[in-house]
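Here's the letter readout for the chains.
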Amino acid sequence: MDFSFTPEQFAIRDSVAKLCERFDATYWLERDRDGGFPDDFHRAIADAGWLGIAMPAEHGGAGLGITEAALMMQTISESGAGFSGASAVHMNIFGLNPVVVFGSAEQKKRWLPPLIRGEQKACFAVTEPDAGLNTAKLKTSARREGDHYVLRGQKIWISTAQVAAKLLILARTAPAGAKPTDGLSLFYTDLDRRYVEVREIEKMGRKAVDSNLLFIEELPVPAVDLIGADSKGFDYILHGLNPERILIAAEAIGLGRAALARAVAYAGERVVFDRPIGQNQAIQHPLARCWMELEAAQLMVLKAASLYDKGQPCGAEANAAKFLAAEACFRACETAMLTHGGMGYAKEYHIERYFREAMIPRLAPVSPQLILCFIAEKVLGLPKSY
Ligand SMILES: Cc1cc2nc3c(=O)[nH]c(=O)nc-3n(C[C@H](O)[C@H](O)[C@H](O)COP(=O)(O)OP(=O)(O)OC[C@H]3O[C@@H](n4cnc5c(N)ncnc54)[C@H](O)[C@@H]3O)c2cc1C
């Protein structure tokens, strides 16, 4: 068992960290205060070739694995960019996995290069107001009319839809079959705003990266924009779920580490009762615990990523990584806030921003409860509870 990174993996971490230095804490504080997509950050990442890190080399990507992509996303988040930075590029990194695996040669050629070059942004529309985590209950419909489909329905929480030119969307083309998720189809198509109203949701954190309600009214979608076979879309989405959980977990660890670093620095500087607060065990121990929890979660992230890259099953590990990393991140941000005392609540110390962002990996893309249900059923062999 080898726990060391390769020289290439170290180089990825160093190069991404160097690039991120150009976007300092003040930059992210302003993005968080004023909103507006961090276009210059997205462009810098694209220009340096990082958007294609896990995309096939024949279409302009680097053809590396999810391990390298996770390292990159963790580094972005850890730089202090947190989820404001990570979510700005997250969809480009692995969102189009269903196209890579199940798309035709013509579709890959048409869709992947502009995404890798950063010329196009995409959003991923699964969640619906009335279905929640029960994807089988999705109501957005796609009816076939000659050489195209017509989509109508609503989606909720769709991130980056304000700036996206493209839409990866799951819609029902046929009634549920033997499996309740049969009949769902996956499309990658233009987000044509003549037919889709995109309404931003005012939310708790990550103001720089929008999340939205989508009202889809008779959106025409060319049949050539259907990925793979009609009615098999859910199976294609499933294929990309594990890598997505691994990336989110890595991003959460990055944010937790950023919070921990600030807390440790503050604990060393802040003098109360004539001694640095970090000299008190009541301050030290929670920080030490956070370090251990983040390190342990990182091992699970790397185990899941390594299994995925070897083509082995990694569902339990990817879900466990997402769960553990999100909880460790949240605890680190909370501990950093408490370490800062009242100043933790002031925006200029950045911790309150991290604290608000720390809720994202707990809530999305799947809840902690559903991960526990999954582990109980699939790993422990207990009856399905949902
Ligand atoms: C910032 C942010 C960005 C997002 N971006 C996107 C995006 O880009 N694209 C997209 O499609 N979605 C996105 N989402 C949506 C996200 O994936 C969903 O919010 C998440 O999957 C949970 O679904 P829900 O909100 O409908 O919760 P619900 O399904 O309504 O669940 C509510 C609560 O009930 C619990 N619950 C439900 N059933 C059970 C059960 N049987 N047992 C135990 N507990 C249960 C859940 O765990 C949860 O705690 C985003 C969400 C957020 C907050």
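Given the structure is predicted, the values throughout are model-derived calculations rather than measurements. (Residues numbered from 1 in each chain as written. Predicted model: local features only at pLDDT ≥ 70, side-chain atom pairs only at ≥ 80, totals over all residues.)

### Regarding the overall build of the chain
- Helix and strand counts for the chain stand at 12 helices and 9 strands.
- By its C-alpha atoms, the chain is 80 × 45 × 40 Å across when sized along the principal axes.
- With 386 residues in all, the chain has 47% of them scored as buried.
- Excluding contacts between residues fewer than 6 apart, the proportion of contacts in the chain whose partners are at least 24 apart in sequence is 73%. (Helix = DSSP H or I, 4+ residues; strand = E, 2+ residues; numbered from the N terminus. Buried ≥ 20, exposed ≤ 12 C-beta atoms within 10 Å, placed from the backbone. Contact = placed C-beta atoms within 7 Å.)

### Quick notes on the site of the ligand
- As a structural note, the neighbourhood of the ligand is formed by 20 residues, with Gly132, Trp157, Ser367, Gln369 and Tyr386 the closest of them.
- Mapped onto the shell around the ligand, the elements with two or more residues apiece are strand E1 (122-125), strand E3 (148-159), helix H11 (360-363) and helix H12 (368-378).
- Counted by class, the shell around the ligand contains 14 nonpolar, 6 polar and no charged residues.
- Looking at which domains feed residues into the shell around the ligand, each of domain 2 (122-232) and domain 3 (235-378) gives three or more. (Near = placed C-beta within 6 Å. Nonpolar A, V, L, I, M, F, W, Y, C, P; charged D, E, K, R; others polar. Domains from an automatic or database assignment.)

### Some thoughts on the packing of helix H8 (residues 281-309) against helix H9 (residues 315-339)
- The geometry of H8 relative to H9 is characterised by a closest axis approach of 8 Å and an angle of 160 degrees between their N-to-C directions. By the criterion of interaxial angle, the relationship of H8 to H9 is roughly antiparallel. The handedness of the crossing between H8 and H9 comes out as left-handed. (Axes fitted to C-alpha atoms, helices over the stretch in contact; angles between N-to-C directions. Parallel < 35°, antiparallel > 145°, perpendicular 65-115°, else oblique. Left-handed = near helix turned anticlockwise from the far one by under 90°.)

### What to know about the packing of helix H1 (residues 7-20) against helix H4 (residues 66-94)
- Where H1 contacts H4, the two axes come as close as 9 Å, and the packing angle between them is 30 degrees. Judged by the angle between their axes, H1 and H4 are roughly parallel. Remark: the crossing between H1 and H4 carries right-handed chirality. Together, Gln9, Ile12, Arg13, Val16, Ala17 and Cys20 of H1 and Glu68, Leu71, Met72, Thr75, Ile76, Ser79 and Ala81 of H4 make up the contact between the two elements.
- Looking at the contact of H1 with H4 residue by residue, the classes come out as 8 nonpolar, 3 polar and 2 charged.

### Some words on H1
- Compared with an ideal rise of 1.5 Å per residue, which puts 14 residues at 20 Å, H1 spans 20 Å between its outermost C-alpha atoms and is within 8% of the ideal.
- Among the residues making up H1, those that are buried are Ile12, Val16 and Cys20. Buried residues of H1, seen end-on, are gathered within an arc of 60 degrees and therefore sit on one face of the element. Opposite its buried face, H1 presents the exposed residues Pro7, Phe10, Ala11, Asp14 and Lys18, each directed more than 90 degrees away.
- Elements that come into contact with the buried residues of H1 comprise H4. (Expected span 1.5 Å × (residues − 1). Arc of directions from axis to C-beta.)

### Concerning the nonpolar core
- One finds Ile246, Val301, Ala321, Ala325, Cys329 and Cys333 to be the most contacted residues of the largest nonpolar core, which totals 113 residues.
- Counting residues per element, this core draws most heavily on helix H7 (residues 233-269), at 16 residues.
- Setting aside anything within four residues of it in sequence, one finds Val301 in contact with Ala70, Ile246, Ala249, Ala250, Ile253, Ala321 and Ala325. (Core = buried A, V, L, I, M, F, W, Y, C linked by C-beta atoms within 7 Å.)

### A word on unusual backbone geometry
- A cis amide bond links Ala364 with the next residue in sequence, Pro365, at an omega value of -5 degrees.
- On the secondary structure map, Pro365 appears in the loop between H11 and H12.
- One non-glycine residue, Arg206, lies in positive phi territory at about 50 degrees.
- On the secondary structure map, Arg206 appears in the loop between strand E6 (196-200) and strand E7 (211-222).
- Residue Arg206 is classed as buried on the basis of its 24 C-beta neighbours within 10 Å.
- Of note, the phi angle at Phe273 is positive, near 55 degrees, even though the residue is not glycine.
- Classification of Phe273 by C-beta neighbours within 10 Å gives exposed; the count is 8.

### Regarding the environment of His340
- Relative to the helices and strands, His340 is located in the loop between H9 and helix H10 (351-357).
- Each C-alpha atom, one on His340 and one on Ile277, is 9.6 Å from the other, the two residues being 63 residues apart in sequence.
- Ignoring sequence-local partners within four residues, the contact set of His340 consists of Ala263, Tyr266, Tyr349 and Ile351.

### Some words on the domain arrangement of the chain
- According to the domain assignment, the chain contains domain 1 (7-116), domain 2 (122-232) and domain 3 (235-378).
- Here the C-alpha centre of domain 2 lies 23 Å away from the C-alpha centre of domain 1.
- Contact with domain 1, which involves 19 residues of that partner, is made by 15 residues of domain 2.
- Secondary structure elements with two or more residues in the side of domain 1 that touches domain 2: helix H2 (25-34), H4, helix H5 (97-102) and helix H6 (105-116).
- Per element, the largest residue contribution to the side of domain 1 that touches domain 2 is 5 residues, and it comes from H4.

### Focus on the environment of Lys109
- Residue placement: Lys109 occurs in helix H6.
- The exposed category is assigned to Lys109, around which 12 C-beta atoms lie within 10 Å.
- Along the sequence, Lys109 and Glu58 sit 51 residues apart, while their C-alpha atoms lie 9.1 Å from each other.

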